[in-house]
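Residues per chain, in single letters:
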Amino acid sequence: MPTTPLTQQNFQTVVATNHIVLVDFWATWCGWCTRFAPVYEASAETHRDIVHATVEAEAEPALAAAGQVDRYPWIMAFREGMLVYSKAGFLPADQLEELVQQIRWMDMETFRREHRQPARETAVPAEPAAGRAGPAPGRQSYGWPGL
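Residues numbered from 1 in each chain as written. Predicted model: local features only at pLDDT ≥ 70, side-chain atom pairs only at ≥ 80, totals over all residues. Heavy atoms only, no water.

1. Quick word on the pattern of salt bridges
As a working rule, side chains carrying opposite charge can pair if their charged atoms are close by. Per the counting criterion, the structure on display carries six salt bridges. Two residues, R104 and D49, come together in a salt bridge whose shortest N-O distance is 2.6 Å. In this pair, R104 is assigned in helix α4 (residues 93-105) and D49 in the loop between α2 (31-46) and β3 (51-56), connecting sequence segments 55 residues apart. We note a salt bridge from R112 to E80, for which the minimum N-O separation is 2.2 Å. Pair noted here: R112 is in helix α5 (residues 108-114) and E80 is in the loop between β4 (74-79) and β5 (82-88), with a separation of 32 residues, a long-range link. (Salt bridge = Lys/Arg side-chain N within 4 Å of Asp/Glu carboxyl O. Helix = DSSP H or I, 4+ residues; strand = E, 2+ residues; numbered from the N terminus.)

2. Observations concerning the pairing of β4
Extensive coverage of β4 is indicated by the burial of six of its six residues. Burial along β4 is two-sided: W74, M76 and F78 facing one way and I75, A77 and R79 facing the other are all buried. Pairing of strand β2 (residues 20-26) with β4, which is carried by six bridges, proceeds in the antiparallel orientation. Residue D24 lies in a different strand from β4, and its bridge partner there is I75. (Buried < 20%, exposed > 50% of the residue type's maximum accessible area, 1.4 Å probe, protein only. Pairing = 2+ DSSP bridges.)

3. Points about the environment of H52
Here H52 shows up in strand β3. For the pair H52 and E41, spaced eleven residues apart in the sequence, the C-alpha separation amounts to 7.9 Å. Ignoring sequence-local partners within four residues, the contact set of H52 consists of P2, T3, T4, L22, Y40, S43, A44 and H47. Of note is the side chain of H52, whose polar atom sits 2.8 Å from the side chain of S43. (Contact = heavy atoms within 4.5 Å. Polar contact = N/O pair within 3.5 Å; in protein donor to acceptor, adjacent residues only side chain to side chain.)

Following this line, the structure appears as structure tokens:
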């Protein structure tokens, strides 16, 4: 799946309507961004159930300012519409994969409790919609260490 460009007009909609969204803030003059782009695109191909979005920070300065992005590349991750990760720096493929797995399997109830977020009002469907990430069916006793 190719990466999805985000603008001020579609940012909130994409984050709110997808289970997991990774956002790469980048700049055209940034050498590390150029090196990170193929790693990020490979992750998008591997994890088709996760939206891999990009924001060209020079073209969308309001988004970069709202996210307090001041270095590039900068990765943000949203799960269930909530910001769960935000950090600058180049990530090699293995570290990006580790981040994806941590976000995929993080305990959202604990996250909400620790960050004082309201609990979800709707129950998680037994089977997620096609092409979307979701919990595995069955007993939910597994997990990945938190971020």
